Amino acid sequence: MASLNVLVVDEFDSERLLEAALRQHGCEVLTLRLKELNMLQIVQTLHPDVVVLNLYTPSEAVLKTIVDINHSYSLPVVIFAEDQQTETINKVIKAGVSAYIVDGLEPKRIKAILDIAIARFKEQHALKEELKKTKTQLEDRKLVDRAKAILIKSQGYTEDQAYHALRKLAMDRNIAIGEMAKNVISMAELFNK
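This one's a predicted model, so the numbers in the text were calculated from it and none came from an experiment.

A. Focus on helix H3 (residues 60-72). For H3, spanning 13 residues, the distance from its first C-alpha to its last is 18 Å, which sits close to the expected 18 Å at 1.5 Å a residue. Those residues of H3 that sit buried are Val62, Leu63, Thr65, Ile66, Ile69 and Asn70. Each buried residue of H3 sits inside an arc of 160° when the element is viewed along its axis, so together they form one side. More than 90 degrees from the buried face of H3, the exposed residues found are Glu60, Ala61, Lys64 and His71. Tucked into the core, H3 has its buried residues touching helix H2 (39-46), strand S3 (50-54), strand S4 (77-81), helix H4 (86-95) and helix H5 (110-155).

B. Inspection of the nonpolar core at higher detail. Counting 21 residues, the largest nonpolar core has Leu7, Met39, Val51, Leu53, Ile66, Val77 and Ile79 as its most contacted members. Counting residues per element, the ones that place at least two in this core are strand S1 (5-10), H2, S3, H3, S4 and H4. The element best represented in this core is H3, accounting for four residues.

C. Region of interest: unusual backbone geometry. Phi angles above zero are rare outside glycine, and Ser74 is one such case at about 50°. Relative to the helices and strands, Ser74 resides in the loop between H3 and S4. You will see that Asn174, though not glycine, has its phi angle at about 55°, which is positive. Structurally, Asn174 can be placed in the loop between helix H6 (159-173) and helix H7 (177-191). Residue Asn174 is classed as exposed on the basis of its relative accessible area, which comes to 71%.

D. Structural view of the pairing of S3. Extensive coverage of S3 is indicated by the burial of five of its five residues. The two faces of S3 match: Val50, Val52 and Asn54 on one face and Val51 and Leu53 on the other face are all buried. In this structure, S1 lies alongside S3, joined through five bridges in parallel fashion. The residue bridging Leu7 from the neighbouring strand is Val51, located in S3. Sheet topology note: the S3/S4 ladder contains four bridges and is parallel. Looking at S4, one finds that Asn54 is bridged to Phe80.

About the thresholds
Residues numbered from 1 in each chain as written. Predicted model: local features only at pLDDT ≥ 70, side-chain atom pairs only at ≥ 80, totals over all residues. Heavy atoms only, no water. Helix = DSSP H or I, 4+ residues; strand = E, 2+ residues; numbered from the N terminus. Expected span 1.5 Å × (residues − 1). Buried < 20%, exposed > 50% of the residue type's maximum accessible area, 1.4 Å probe, protein only. Arc of directions from axis to C-beta. Contact = heavy atoms within 4.5 Å. Core = buried A, V, L, I, M, F, W, Y, C linked by side-chain atoms within 4.5 Å. Pairing = 2+ DSSP bridges.

The structure is reproduced here in structure tokens:
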């Protein structure tokens, strides 16, 4: 965990156990009070490796900020909280929190908790990227099939000829075949109006 940059957002004015434990493990730590910050703006400015919150319960505003952080910066978020209601836990998971630790802020456990949260975050991030890639490929395939149908109907091509025509057009223009298929579909829609 050496040299991790950690943004700690602390709702409590405690002895800063969290900060001390993180520093003990070689982390660079900036601790801020929850009331005095725009978390998204600070993440944008500091680019921490992980955000750790110490709260009684995550408010709707905090959860929205976590969603925004995950959307814009994609980094692990760990919450230490007292609230163990199922509804809160479901909201936290939906917001994309990597670890939600209820009533468990023990300095000796912090390193393991952060390591697990970061590993879990990386695994989830990889799965999301793979899902996004798969969805894009599926969408491109649907577009290519529609474009091939247009070329078959309008040009009298076979399915194989239509595919090769699309592929050649895409290569000549140095664009992806899915993008070329969109162009063919758009042109066909324009001429059929």
